[in-house]
Each structure stands twice: as C-alpha cells, then as structure tokens.
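Here are the chains, one letter per residue:
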Amino acid sequence: MTVDVRHLRAFLAIAATGAITRAAADLHVTQPALSRTLRQLEDHLGLRLVDRSTHHLSLTPAGQAFESRARAAVAAVDDVLDPSRAGTWPLRLGHAWSALGVHTTTLLRRWKQEHPRTPLELLRVDERDAGLSRGAVDIAIVRGPADLSGVRSVPLLVEQRVAAVPTDSPLAARPHLTLADLASEPIAVNRIAGITTPDLWPASSTPAHTVIVTNTDDWLATIIAGRAIGLTVTATAVMYSHPAVAYVPVLDAPEVIVHLAWQQPPSHPAVPDLVTLARSITAGPAPNP
C-alpha cells in the first residue's frame, strides 16, 4: 500500500490528543479506520510510533522523533497546495519577537532588491524556535541556544540585555541598572518564547514575584500597565518602542547570542542566500535606529 499525507495527519492527530477516539472525532473518521491508518504507517516504517499499553496513548521514542518530521512534511504540503501562494514560492523567515532589531529593515529591503522573484515573508510565531521544528517557517531567528534536532544554525550577532520599565518608575531615570536593582520588582516572563527566567538572577537575589505572559504584546502591555518590569534585549527597544516604556541597560545580565537556524536539508532553495545576506548585514556597523 502507499503511505501518503493522510497517514501523517492521522498520526499527528493521535499525538496531539493522546487518544484514538478524540483524534478520530477531530478527523471525522471512525475509530477503527483511524487505528488501521496508524497501523499502516507503522508497518510502512517498520516502527512502533504509539504506545497503546495505557488508556492515554503516548508516543514511543521513535514516535517522538518522527513527530517533528511529520509536522514539517504536512506543513510543506499545506503550503504547496495553498491557492493564495500559487505561482510563487515565498521564503518564510520566522522570529518569536524583535526579528533582527535595527537590522530588520535593511534585511527586508536588500532581499527585495537582490532577490525580486522570491518574496521574503517575515512571520512572528510565538514559539521558542519560531515554528521551525514544525515546518511553519523555512528559516528562523532564534535567540539563545539553537541546539534543535535536525537543525543547522549560525550565530549572527550578540545583543545586550536591557530592562523595560514604565517611564514613571524611578528605575527609568537611571543611566543603567543591575540584576539586583530589579530583584524587588515583579518580572514579566514569557514562558512560551522568551529567554528571561528567574534563573538569570543570583540565588541571593532571585525575584520574589513573576507575571506570566504568553506573547510579546501581552508582555509589553503588562509593563505599560505598571504590573511588572521586563528584561529583554536591545532589539526589543527598536521593534517595540513605546512612549510609556523606557529601556535601560542592565550591566551584569548575560549577553544573548542571536542565531539563524534552518532545517537540514533546507526546506527552501533560497535559504543559503538569506544566510549569506543576513551575515553580511549584521557583520557591518548597525544603522541608526
């Protein structure tokens, strides 16, 4: 028999729900039909992907490894069959927040000039890897470690940390701050895509309170409202400037390495060209914000 994208969708539905019954309902098929589809996929691969020994199904180690590849494959098929994209093949550049900061406009304009036949789409995806592992983008800007399975990455630049504080806070008038200066304040933490955690502080001055958010818009709104302060990078000050927020350098906070990451092999033939252009732009002096 021939395995096709239907088998991948069936496997992903089971992985997402942890139950054959719910997955079958989501896919509008019968439970026996879905079970057969899963068996066909496993027989084709010669691997057991799902552990059926408990009431709540779970993926085997092989299934966990296969899941990210299956997501990428289904995303690629959906992209190819999207009528709005017919006749073009955009290169999708993902970022979780702040893109490349002051270099973002230069990158987008230079790409349009030098590669006019390949549209570059800058997509914000509120995930740590900006949707790279599940195939939502072809290449991603990743802050912090980029040691993802099946992914190649190159460092682009190093960013300094800054505190984002309400302009009416006494901290906003300071020329610079330290982590200890922030420890007594509530800290806004983006657990979905952010890189700030209480672990950045020394054990002797860990923040007593955190305010959890799930995206950059909510993070900024929390600071504007005076509910918390944030710890971020210089690119955020460029991309998310706001009259009610001041960005103040934090001298003793660790720097952040910004990587460009992509699946290997690349999902789009223009990925190497974007890597070359991005490295060229970020290697030169930063333009005025």
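Heads up: these notes are all about the structure in this document. (Residues numbered from 1 in each chain as written. Predicted model: local features only at pLDDT ≥ 70, side-chain atom pairs only at ≥ 80, totals over all residues. Heavy atoms only, no water.)

Concerning the sheet that holds strand β7 (residues 161–166)
- Within the open sheet, the three strands sit side by side as β10-β7-β11. Their pairing is antiparallel. Each having just a single partner strand, β10 (230–233) and β11 (245–249) make up the two edges of the open sheet. Across the sheet, the mean angle separating the axes of adjacent strands is 35 degrees when strand polarity is ignored.
- Each of β7, β10 and β11 touches helix α7 (residues 216–224); the most contacted strand, β11, lies at about 100 degrees to it. (Pairing = 2+ DSSP bridges. Helix = DSSP H or I, 4+ residues; strand = E, 2+ residues; numbered from the N terminus. Axes fitted to C-alpha atoms, helices over the stretch in contact; angles between N-to-C directions. Contact = heavy atoms within 4.5 Å.)

A few points about the side chain of Thr-104
- Inspection of the secondary structure assignment puts Thr-104 in helix α5 (residues 104–114).
- A polar side-chain atom of Thr-104 sits 3.0 Å from the main-chain amide nitrogen of Leu-100.
- A polar atom in the side chain of Thr-104 sits 2.9 Å from the backbone oxygen of Gly-101.
- Excluding residues that lie within four positions of it along the chain, Thr-104 makes contacts with Ser-98, Ala-99, Leu-122 and Met-239. (Polar contact = N/O pair within 3.5 Å; in protein donor to acceptor, adjacent residues only side chain to side chain.)

Digging into α5
- Along α5, the residues that are buried comprise Thr-104, Leu-107 and Trp-111. Buried residues of α5 fall within an arc of 65 degrees about the axis and therefore sit on the same side. The exposed residues of α5 that point more than 90 degrees off its buried face are Arg-109, Lys-112 and Gln-113.
- Residues of α5 that are buried in the fold lie against β3 (91–95), β4 (120–124), α8 (234–239) and α9 (271–283). (Buried < 20%, exposed > 50% of the residue type's maximum accessible area, 1.4 Å probe, protein only. Arc of directions from axis to C-beta.)

Thoughts on helix α1 (residues 5–17)
- Across its 13 residues, α1 extends 18 Å between first and last C-alpha, which sits within 8% of the 18 Å expected from 1.5 Å per residue.
- Burial in α1 covers these residues: His-7, Leu-8, Ala-10, Phe-11, Leu-12, Ala-13, Ile-14 and Thr-17.
- Buried-residue contacts for α1 involve α2 (20–27), α3 (31–45), β1 (50–51), β2 (58–59) and α4 (61–80).
- Two or three places before Arg-6, at the opening of α1, Asp-4 has a side-chain oxygen 2.9 Å from that residue's backbone nitrogen.
- After α1 finishes, the residue Gly-18 shows a positive phi value of roughly 70 degrees. (Expected span 1.5 Å × (residues − 1).)

Quick word on the pattern of salt bridges
- Summed over all chains, the structure comprises twelve salt bridges.
- We note a salt bridge from Glu-42 to Arg-52, for which the minimum N-O separation is 2.7 Å. Note that Glu-42 is positioned in helix α3 and Arg-52 in the loop between β1 and β2, a separation of ten residues in sequence.
- According to the relative accessible area criterion, Arg-52 is partly exposed, its value standing at 34%.
- One salt-bridge network, in which partners are shared between bridges, spans Glu-42, Arg-48 and Arg-52. (Salt bridge = Lys/Arg side-chain N within 4 Å of Asp/Glu carboxyl O.)

A look at the environment of Ser-98
- As for its position among the elements, Ser-98 is in the loop between β3 and α5.
- Looking at Ser-98, the relative accessible area reads 1%, which means it is buried.
- Between the C-alpha atoms of Ser-98 and Gly-144, which are 46 residues apart in sequence, the distance is 13 Å.
- What Ser-98 contacts, discounting residues up to four positions off in sequence, is Thr-104, Arg-143, Ala-235, Thr-236, Met-239 and Tyr-240.
- Within the local environment of Ser-98, its side chain forms a polar contact with the side chain of Thr-236, the two groups lying 3.0 Å apart.

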